[in-house]
Amino acid sequence: MSQPPKWTTSQGAPVSDVFATERATFDNSNHANNAPKVGPLLLQDFQLIDSLAHFDRERIPERVVHAKGAGAFGEFEVTDDITDVCAAKFLDTIGKKTRIFTRFSTVGGEKGSADSARDPRGFSTKFYTEEGNLDLVYNNTPIFFIRDPSKFPHFIHTQKRNPATNLKDANMFWDYLVNNQESIHQVMYLFSDRGTPASLRKMNGYSGHTYKWYNKKGEWLYVQVHFKSDLGVVNFNNEEAGKLAGEDPDYHTGDLFNAIERGEYPTWTCYIQTMTQEQAAKQPFSVFDLTKVWPHKDFPLRRFGKFTLNENPKNYFAEVEQAAFSPSHTIPSMQPSADPVLQSRLFSYPDTHRHRLGVNYQQIPVNCPVAPVFAPQIRDGAMTVNGNLGSTPNYKSSFCPFSTEAQIQTNSNTPEEVLAAHTEKFHWGGILDSKSYDFEQPRGLWKVLGKTPGQQRNLCHNVAVHVAAANHEVQDRVFEYFSKVYPEIGDQIRKEVLQLSPRGDSAARL
Ligand code: NDP
């Protein structure tokens with residue numbers, strides 16, 4: 001058996017008794033024999049004070065969204081050649097492997113909230129590539145509630161807690177959605193059983209946003225990415241998920257960790273859909289509209305890789321809590337499109353990391369690129385722990401010139417492209433000319449649900465049990481909102497809500 005470690009202070013000085021505290025002693029010669037000799041604590045007790053002071057600072061701000069998460073390391077492998085679409089070096093050879101780290105999360109719940117809550121799931125993967133870190137910051141839904149970034153704080157507030165009561169609030173929740181009806185597609189997806197996955201291992205990941213991928217010739221295509229679980233998509237129904245939230249709120253975290261410990265490594269197959277600019281111009285929706293999917297029949301999936309999660313984190317805080325993903329952590333051949341929600345995320349994610357982890361968050365091992373980093377103007381700041389590039393000049397100088405030879409062309413949007421994209425197909429206030437189209441793809445989803453017995457009924461039930469807690473006015477607007485997809489959906493929801501909370505009984509709706 002190996003020797004137990006010798007305990008020390010945080011500064012490495014030996015400690016003989018970890019529970020001992022330094023105390024004043026008294027001369028008790030004038031007191032009864034059993035009078036205590038020990039007195040008050042001493043300020044000089046660094047071991048105690050350091051330990052307490054560090055404990056007081058153990059928590060860092062939790063993420064405002066995606067606070068509850070679980071993650072694992074793994075490996076991505078190229079299975080098919082897509083070099084005609086993308087020049088990324090990690091994709092250049094079939095069989096090539098790249099280390100990855102994936103973090104799954106719920107969106108709205110706090111760090112201690114239940115894993116099985118109805119919510120979209122974050123599905124973020126960091127690829128430690130030879131060209132720098134590539135973060136694919138995805139969800140388990142191919143769409144989202146908004147297409148205007150200015151709505152994000154409003155929307156998230158309504159899905160969290162009422163500012164007065166600190167309670168989840170069905171009126172706020174549904175009031176926002178019925179007033180912002182581009183949300184309907186994602187709401188239908190969320191209130192189908194896919195809103196309560198049975199396992200993080202058994203759900204898909206989707207880029208949702210449109211990206212631009214470049215090949216070696218500098219040609220680009222619009223791209224959407226799909227990760228499909230090789231274990232299939234498996235969901236809980238509403239009641240199973242609700243029961244588990246009480247009995248085992250960390251169910252998904254345990255399920256992922258224990259499967260990997262057992263050697264049952266989950267895998268996903270990776271696909272792209274591609275679209276040319278000409279095709280994009282002909283779609284009845286904007287490719288920058290995050291509430292829309294690209295129909296499979298028009299834009300078939302093309303396989304390019306597979307990834308496996310096969311290594312649990314050694315330390316949750318160091319590797320999962322401190323993991324910092326951003327869609328702006330990308331590589332030259334994979335660029336964002338002009339999707340305004342994506343553009344706002346490019347700013348917001350690193351901004352959050354600077355707030356939560358500090359300006360040097362990229363030096364934390366889980367975030368540290370394996371590619372060599374040379375950015376000598378990025379210096380100093382709290383928690384600089386990497387040597388800070390020593391005596392290298394901290395500006396572009398004649399002593400440290402910019403080597404043009406070594407640079408790769410960054411294929412970002414030209415200002416003209418961004419402008420064209422925004423003026424031709426997109427309006428900042430929403431896609432005004434496509435509001436009626438907002439209900440088309442939800443109709444497609446209703447038909448997809450109809451292919452599996454019970455799925456349409458479950459969607460209506462899942463909405464009804466939630467909206468039953470809202471007031472009558474909000475309920476009526478929810479019935480109308482779903483009736484715009486198909487009147488039968490609104491009718492089914494209305495029928496069940498009225499059974500659950502008859503209109504004579506207003507107690508639940510005050
Ligand atoms: P398709 O019939 O070609 O594709 C439907 C897709 O829906 C399937 O391939 C599957 O994608 C997904 N799906 C299957 N069962 C369910 C379910 N119970 N709940 C949610 N999604 C399910 O049609 P379209 O491509 O024209 O899409 C029709 C609708 O399907 C869309 O409006 C969208 O809501 C939904 N969908 C479409 C996706 C896309 O990227 N086109 C992706 C996911 C859903 P998967 O294997 O990815 O789960």
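Small disclaimer: the values here were computed from a predicted structure and weren't measured. Each residue is numbered by its place in its chain's sequence as written, counting from 1. Per-residue local features are limited, in this predicted model, to residues with pLDDT of at least 70; the limit for side-chain atom pairs, both in listing and counting, is 80 or more; totals at the level of whole chains, interfaces and linings are taken over all residues. Computation of side-chain values: all heavy atoms of the structure, hydrogens and water removed.

**Quick word on helix 9 (residues 340-356)**
Cut-off, in case you're wondering: Put simply, DSSP marks the helices as runs of H or I at least four residues long and the strands as runs of E at least two long, and each gets a number from the N terminus on. A helix is expected to span 1.5 Å for every residue after the first. One fitted axis covers the seven residues ending at a residue, a second covers the seven starting there, and the bend at that residue is the angle between these axes. Accessible area is worked out with a 1.4 Å probe on protein chains only. A residue is then buried under 20% of its type maximum, exposed over 50%, and partly exposed in between. In this description, contact between two residues means that some pair of their heavy atoms is separated by no more than 4.5 Å.
Over its 17 residues, helix 9 runs 24 Å from end to end, which matches the ideal 24 Å to within 8%, given 1.5 Å per residue. The principal kink in helix 9, of about 25°, is found at Leu 346, preceding the proline Pro 350 by one to four residues. Residues of helix 9 that are buried: Pro 340, Val 341, Leu 342, Arg 345, Leu 346, Pro 350, His 353 and Arg 356. Of the surrounding elements, those touching the buried residues of helix 9 are strand 6 (132-139), strand 8 (211-214), helix 8 (316-321) and strand 12 (334-336). Positive backbone phi, at 105°, marks Gly 358, one or two positions downstream of helix 9.

**A look at the domain arrangement of the chain**
This is how the line gets drawn: What marks off one domain from the next here is an automatic or database domain assignment. As used here, buried area is the combined drop in accessible area, with a 1.4 Å probe, of two parts when they are placed together. The salt bridge definition used is simple: a Lys or Arg side-chain nitrogen within 4 Å of an Asp or Glu carboxyl oxygen. Each polar contact in these results corresponds to two N or O atoms within 3.5 Å; when the atoms are within protein, one needs to be able to donate a hydrogen and the other to accept it, and residues that are neighboring in sequence are counted only if both atoms are side-chain atoms. Residues are grouped as follows: nonpolar covers Ala, Val, Leu, Ile, Met, Phe, Trp, Tyr, Cys and Pro; charged covers Asp, Glu, Lys and Arg; every other residue, Gly included, is treated as polar.
For the chain, the assigned domains read domain 1 (10-58), domain 2 (69-145 + 180-367) and domain 3 (434-507). With centres defined by C-alpha atoms, the gap from domain 2 to domain 3 works out at 29 Å. Contact residues are listed per partner, giving 22 residues for domain 2 and 22 residues for domain 3. Surface buried jointly by domain 2 and domain 3 totals about 1900 Å² across both partners, of which 62% is contributed by carbon and sulfur atoms. There are one salt bridge connecting domain 2 and domain 3. A salt bridge links Asp 438 to Lys 292; its shortest N-O distance comes to 2.6 Å. Between the two partners, domain 2 and domain 3, sit 10 residue pairs in polar contact (both at pLDDT 80 or more). Broken down by secondary-structure element, the contributors of at least two residues to the side of domain 2 that touches domain 3 are helix 4 (184-191) and helix 5 (238-247). In terms of residue class, the side of domain 2 that touches domain 3 is made up of nine nonpolar, seven polar and six charged.

**Looking at the packing of aromatic side chains**
For clarity, the cut-off: The criterion for an aromatic pair is that two Phe, Tyr or Trp rings (for Trp, the six-membered ring) have centres within 6.5 Å, with stacked assigned to planes under 30 degrees apart, edge-to-face to planes over 60 apart and tilted to the rest.
Using the criterion set out here, one finds 30 aromatic pairs in the structure. With centroids separated by 5.5 Å and ring planes inclined at 80°, the aromatic side chains of Phe 123 and Trp 268 adopt a geometry described as edge-to-face. In this pair, Phe 123 is assigned in strand 5 (residues 121-129) and Trp 268 in strand 10 (residues 267-275), connecting sequence segments 145 residues apart. An angle of 85° between the planes, with centres 6.1 Å apart, marks the rings of Phe 173 and Phe 191 as edge-to-face. Linking Phe 173 in helix 3 (residues 170-179) with Phe 191 in helix 4, this pair joins segments that are 18 residues apart in sequence. Classification of Phe 173 by relative accessible area gives buried; the value is 10%.

**A few points about the site of the ligand**
Defined as follows: Nearness here has a simple test: a residue counts as near a molecule or strand if at least one of its heavy atoms is within 4 Å of that partner. With residues, only the protein chains shown are counted as cover, and all accessible areas are computed by Shrake-Rupley using a 1.4 Å probe.
Surveying the vicinity of the ligand reveals 16 residues, the closest of which are His 185, Arg 194, Tyr 206, Lys 228 and His 296. His 185 is positioned with one of its side-chain polar atoms (N or O) 2.6 Å from an oxygen atom of the ligand. Taken by itself the ligand offers 770 Å² of open surface, and the protein chains cover 78% of this. Tallying contributions element by element places helix 11 (residues 440-450) first for the shell around the ligand, with four residues. Across the shell around the ligand, the residue classes tally to nine nonpolar, five polar and two charged.

**Points about the packing of helix 3 against helix 13 (residues 472-483)**
Defined as follows: Angular values range over 0 to 180 degrees, each being the angle between N-to-C directions of two axes fitted as lines to C-alpha atoms, with helices fitted over their stretch in contact. In these notes the angle categories are as follows: under 35 degrees is roughly parallel, over 145 is roughly antiparallel, 65 to 115 is roughly perpendicular, and the rest is oblique. A crossing counts as left-handed when the near helix is turned anticlockwise from the far one by less than a right angle, and as right-handed when that turn is clockwise.
Direction vectors running N to C along helix 3 and helix 13 enclose 40°, while the axes themselves pass 10 Å from each other. On the basis of their axis angle, the class for helix 3 and helix 13 is oblique. Here helix 3 and helix 13 pass one another in a crossing that is left-handed. From helix 3, Asn 171, Trp 174, Asp 175, Leu 177, Val 178 and Asn 179 reach across to helix 13, where they touch Val 474, Arg 477, Val 478, Tyr 481 and Phe 482.

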